[in-house]
Amino acid sequence: MAKKIMTKLREKAAAIALDETGAIGEEVKWASIEALLEGPGSVAMEDYMKMFAETPAQLNRLMLRDSHADLSEVRSSVAYIVGNGVCGTQTGTQTYRFVDPRIDDELG
């Protein structure tokens, strides 16, 4: 069974916090910056969101390509996932901060 998006976000945050080299935080930071600059639907956005998705359904959720795309809690969560990543290790490692747990609703 696939891990939930929230679980993947928390695991990435833990990996960033434990990485003494800062490499994971830098990877997340620059991937999120490219996603932000290239925008929704871009290859950069998809590459970034793949860090937090294990299934095609989860990736579709994070790319706002499923039936939940218009729900405010999903849209704001996707925005926070991108925005939180920009911080890298500079201001925090909480990739899950302000992400609504309903991001995982009906994904199995």
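Residues numbered from 1 in each chain as written. Predicted model: local features only at pLDDT ≥ 70, side-chain atom pairs only at ≥ 80, totals over all residues. Heavy atoms only, no water.

Visitor: Would you mind showing me how to read the overall build of the protein here?
Guide: For the protein, the helix and strand inventory stands at five helices and zero strands. Ordered by position from the N terminus, the helices and strands of the protein form the series α-α-α-α-α. Compactness check: the protein gives a C-alpha radius of gyration of 13 Å against a globular reference of 13 Å for 108 residues, within 12% of the reference. In terms of principal-axis extent, the alpha carbons of the protein reach across some 40 × 30 × 20 Å. A separation of at least 24 residues holds for 58% of the contacts in the protein among residues at least 6 apart in sequence. (Helix = DSSP H or I, 4+ residues; strand = E, 2+ residues; numbered from the N terminus. Rg over C-alpha atoms; globule rule 2.2 N^0.38 Å. Contact = heavy atoms within 4.5 Å.)

Visitor: Would you mind going over the packing of helix α1 (residues 5-18) against helix α2 (residues 23-38) with me for this structure?
Guide: For any two helices packed against each other, one specifies the inter-axial angle together with the distance between the axes. Viewed as axis vectors pointing N to C, α1 and α2 meet at an angle of 130°, and their least axial separation amounts to 7 Å. For the element pair α1 / α2, the angle class is oblique. Here Lys12, Ala15 and Ile16 of α1 come into contact with α2, specifically with Ile24, Gly25 and Val28. Here the residues of the contact of α1 with α2 are counted per class, giving four nonpolar, one polar and one charged. (Axes fitted to C-alpha atoms, helices over the stretch in contact; angles between N-to-C directions. Parallel < 35°, antiparallel > 145°, perpendicular 65-115°, else oblique. Nonpolar A, V, L, I, M, F, W, Y, C, P; charged D, E, K, R; others polar.)

Visitor: Would you mind going over unusual backbone geometry with me for this structure?
Guide: Across the chain, the bulk of peptide bonds are trans and the bulk of non-glycine residues have phi less than zero. With a phi close to 60°, Leu64 is a non-glycine residue in the positive phi region. By secondary structure assignment, the location of Leu64 is in the loop between α4 (56-62) and α5 (72-86). With a relative accessible area of 26%, Leu64 lands in the partly exposed category. Of note, the phi angle at Glu106 is positive, near 65°, even though the residue is not glycine. Relative to the assigned elements, Glu106 resides in the segment after α5. (Buried < 20%, exposed > 50% of the residue type's maximum accessible area, 1.4 Å probe, protein only.)

Visitor: What exactly am I supposed to notice about the environment of Ala14 here?
Guide: Relative to the helices and strands, Ala14 resides in helix α1. In the structure, Ala14 is positioned 81 residues away from Thr95 in sequence and 9.3 Å away in space, judged by C-alpha atoms.

Visitor: Got a minute to help me understand the side chain of Asp100 in this structure?
Guide: Locating Asp100 in the fold gives a position in the segment after α5. Beyond its immediate sequence surroundings of up to four residues, Asp100 is in contact with Met6, Glu73 and Ser77.

Visitor: Just checking my understanding: could you explain α1 for this structure?
Guide: Side chains three or four residues apart in an α-helix point the same way, a direct result of the helix having 3.6 residues per turn. The end-to-end C-alpha distance of α1 is 20 Å, a good match for the 20 Å that 14 residues give at a rise of 1.5 Å each. Of all the positions in α1, only Ile5, Met6, Lys8, Leu9, Lys12, Ala13 and Ile16 are classed as buried. Buried residues along α1 cover an arc of 165° about the axis, so they all sit on one side. In α1, those exposed residues whose orientation departs by more than 90 degrees from the buried face are Ala17 and Leu18. (Expected span 1.5 Å × (residues − 1). Arc of directions from axis to C-beta.)

Visitor: What should I look at first to understand the packing of α2 against α5 in this one?
Guide: For the pair α2 and α5, interaxial distance at closest approach is 7 Å and the crossing angle is 130°. With respect to each other, α2 and α5 are oriented oblique. Between α2 and α5 lies a crossing whose hand is left-handed. Between α2, through Val28, Lys29, Ser32, Ile33 and Leu36, and α5, the contact on the second element is made entirely by Val82, Gly85 and Val86. (Left-handed = near helix turned anticlockwise from the far one by under 90°.)

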